[in-house]
Amino acid sequence: MPVAPSLRTRPPAVAGLFYAGRRERLERELDDALAQARGVSPAPHGTPKALIVPHAGYAYSGAVAASGYRTLAGARGRVSRVVLLGPCHRVPVRGLALPGVDAFATPLGDVPLDRAAVAAVAALPQVVVAPAAHAREHSLEVQLPFLQRWLGAFALVPLAVGDATPAEVAEAIETLWGGDETLVVVSSDLSHYHRYDDARALDAATVRAILARETSLDHEQACGATPIAGLLEVARRRDLRPQLLDLRNSGDTAGDRSRVVGYASIAFYAAPAAAPAAGEDATTAGDARGRTLLGLARSAIAEALGRGTVAVPGHRWLQAPGATFVTLHHGASLRGCIGSLEPHRPLADDVLANARAAAFRDPRFAPLAAHELGGLTVEVSELDAAQPLAFRDRAHLAAQLRPGEDGVILAYGARRGTFLPQVWASLPDPDDFLDALAHKAGIDPRRIDGCRVHRYRVRKWSEAWTG
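The model shown is predicted, which means the values in this text are computed figures rather than measured ones. (Residues numbered from 1 in each chain as written. Predicted model: local features only at pLDDT ≥ 70, side-chain atom pairs only at ≥ 80, totals over all residues. Heavy atoms only, no water.)

K.L.:
Can you lay out the overall build of the protein for me, pointing to particular residues and giving the numbers?
P.N.:
Secondary structure assignment for the protein yields 14 helices and 20 strands. For the protein, whose C-alpha radius of gyration is 25 Å, the value lies close to the compact-globule estimate of 23 Å for 467 residues. With the principal axes as the frame, the protein shows a C-alpha extent of 80 × 50 × 35 Å. Evaluated residue by residue, the protein yields a buried proportion of 54% over its 467 residues. Excluding contacts between residues fewer than 6 apart, the proportion of contacts in the protein whose partners are at least 24 apart in sequence is 78%. (Helix = DSSP H or I, 4+ residues; strand = E, 2+ residues; numbered from the N terminus. Rg over C-alpha atoms; globule rule 2.2 N^0.38 Å. Buried < 20%, exposed > 50% of the residue type's maximum accessible area, 1.4 Å probe, protein only. Contact = heavy atoms within 4.5 Å.)

Okay, here's the thing in structure tokens:
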């Protein structure tokens, strides 16, 4: 993608060294890497949300990187933004560094930066602008030709990770998480300069830790231990499932076996949607619609706390009217719940508004503070159209309710309240459920016979809480 000459472009620093410096030769080099890749293409789980890939010269780690990038088959035109994180090898920096440019150049063309996303992450206190940290850094640059080959046109958010904590990295990733249009790539090699058999044992242990989403990695295990650990924090919170695609070292590819460097490609996929329980219509986190709505809700809260900006994907279904509830938990405790009972605005606007209201305007709780954001779990429920429920008396009403399945709206005069189907988990008896709902709505339970009652179903998506 060409970039206007008046804009600042970082030139390639390692073209001709780590990979071919001419377009035609580089394209052949990418083809050769793909021919030597391992794993399944296209990936059986669809497009991953995140990848860990190596960053040595293509002769050494290109085939292993290609094993990761081939999972992007079918992502062209759908993934339009890449958040790319890698370690600083040459210039030390505190925190995470942006390059202070408008584009990165490679022999395949220029890759523009996503200005809005860059501005959003730059607002975090741990993010700095440090052109020197990027000027000669190879860990990010070597990923770009693979991304250009697989994705075509895309916008980039490049972060060189220096002296930072995994939590600081995780916060940056969350700020940029987006929906299906955003791919997160962490660039890292594994162990360095051990004998072949020793390296195989060390790298196998490191990969086992990554697949278990353990965050206590050190830089002897992986040069990109810090960005990997940050990604793993997010993967635990969002229940992403890692899958090993390839594990080799330079002794397997292009070097001798006396001093080798380890390489792995690992993809992270959203957890598959759980099968509904008997009689249940709600679903759990895992499908694209749920990931998008959860991402909107979290980004709305983060933006209100000055920790990012909201980017609404261009899906048509987000512009259709919709009714949602957003429920927040901090740890295992309820932290807010606000929603809409009837569609009265576009679905995206409804989620954004209810997320902000649940975080800052639920009268039962103090407004959410910035330090609580990292421990927050977000749940979004999308309501189907409520249907009136005819009944003779309270006993007849209770007999018609479907525990675990029905959301219920109870109204008497101007008073009205609802319980989502999730409330059945703590109030499984229909009579107890109705009493508690009446109290919530400010209705005397003895007047339930004279109430107007509607019921509805929901589709529910929730981030995973790891405790």
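What follows continues from the structure just given.
K.L.:
For helix α1 (residues 23-35), give the residues involved together with the corresponding values.
P.N.:
In this model α1 runs 18 Å from its N-terminal to its C-terminal C-alpha over 13 residues, within 8% of the 18 Å that 1.5 Å per residue would give. Looking at the buried residues of α1, the elements they touch are α2 (58-69) and α6 (144-151). (Expected span 1.5 Å × (residues − 1).)

K.L.:
Any chance you could break down the nonpolar core for me, citing the residues and the numbers?
P.N.:
Grouped together as the largest cluster of nonpolar side chains are 76 residues, with contacts concentrated most on Y69, V82, L85, L147 and F268. Looking at this core, the element that brings in the most residues is helix α9 (residues 225-238), giving 6 residues. Residues A348, L352, L368 and L376 belong to the second largest nonpolar core, which totals 24 residues. (Core = buried A, V, L, I, M, F, W, Y, C linked by side-chain atoms within 4.5 Å.)

K.L.:
Give me the sheet that holds strand β1 (residues 9-10): which residues, what numbers.
P.N.:
Taken in spatial order, the 3 strands of this open sheet run β1-β5-β6, and their pairing is mixed. Here the strands that pair on one side only, and so sit at the sheet edges, are β1 and β6 (109-112). One ladder, built from 2 bridges, connects β1 with strand β5 (residues 103-106); its direction is parallel. Paired with T9 across the two strands is A103, which belongs to β5. Here α6 sits on the sheet and contacts β5 and β6; the angle it forms with β5, its principal contact strand, is near 90°. (Pairing = 2+ DSSP bridges. Axes fitted to C-alpha atoms, helices over the stretch in contact; angles between N-to-C directions.)

K.L.:
So what about the pattern of salt bridges? Which residues, and what values?
P.N.:
A side chain with one charge can pair with a side chain of the opposite charge if their charged atoms come near. Taken as a whole and assessed by the stated rule, the structure comprises 33 salt bridges. Notably, a salt bridge pairs R94 with E168, separated by 2.9 Å at the nearest N-O pair. Of this pair, R94 sits in the loop between β3 (81-87) and β4 (96-98) while E168 is found in helix α7 (residues 166-175), placing the two residues 74 residues apart along the sequence. Given the relative accessible area of 46%, R94 is considered partly exposed. Overall, the relative accessible area of 18% leaves E168 in the buried class. Within this structure, E174, R237, R238, R298 and E463 form a network of salt bridges that share partners. (Salt bridge = Lys/Arg side-chain N within 4 Å of Asp/Glu carboxyl O.)

K.L.:
Explain the pairing of strand β12 (residues 260-270) to me, and be specific about the residues and the numbers.
P.N.:
Counted residue by residue, β12 has 10 buried out of 11 residues, so it is predominantly covered. Relative to β12, strand β2 (residues 50-53) runs antiparallel, the two sharing 3 bridges. Its bridge partner being in β12, L51 is matched across the sheet by A267. Pairing between strand β10 (residues 192-194) and β12: 2 bridges, direction antiparallel. Note that in β12 the partner of H194 across the bridge is V260. The pairing of strand β11 (residues 240-249) with β12 spans 9 bridges and is classified as antiparallel. Paired with L244 across the bridge in β12 is I266.

K.L.:
Please give an account of the pairing of β5 that cites residues and values.
P.N.:
Two faces, one strand: in a regular strand the side chains alternate between the faces of the sheet. Every second residue of β5 is oriented toward a common face, with A103 and A105 on one face and F104 and T106 on the other, all of them buried. Examined bridge by bridge, β5 and β6 share 4 bridges and lie antiparallel to one another. Bridge pairing in β6 links A103 to P112. Taking the residues between adjacent antiparallel strands as the criterion, β5 and β6 are bridged by 2 residues.

K.L.:
Summarise α9; cite the residues concerned and give the values.
P.N.:
Taking 1.5 Å of rise per residue, the 14 residues of α9 would be expected to cover 20 Å, and the 20 Å separating its terminal C-alpha atoms lies within 8% of that figure. Among all positions in α9, only A225, T226, P227, I228, A229, G230, L231, L232, V234, A235, R237 and R238 are buried. Just past α9, the residue D239 takes up positive phi, approximately 55°.

K.L.:
Please give an account of the packing of aromatic side chains that cites residues and values.
P.N.:
Under the counting rule described, the total for this entry stands at 5 aromatic pairs. Taken together, a centroid distance of 3.8 Å and an interplanar angle of 5° make the contact between W424 and F433 stacked. With a relative accessible area of 4%, W424 lands in the buried category. The structure contains a cluster of three or more aromatic residues connected by ring pairs, namely Y19, Y58, Y69 and F146. Directly above the aromatic system of Y196 lies the positively charged group of R257, at a separation of 3.8 Å from the ring centroid. The ring of Y193 is capped by R259, whose NZ or CZ atom sits 4.6 Å from the centre of that ring. (Phe/Tyr/Trp six-rings, centres within 6.5 Å; stacked < 30°, edge-to-face > 60°. Lys NZ or Arg CZ within 6 Å of the ring centre and 35° of its normal.)

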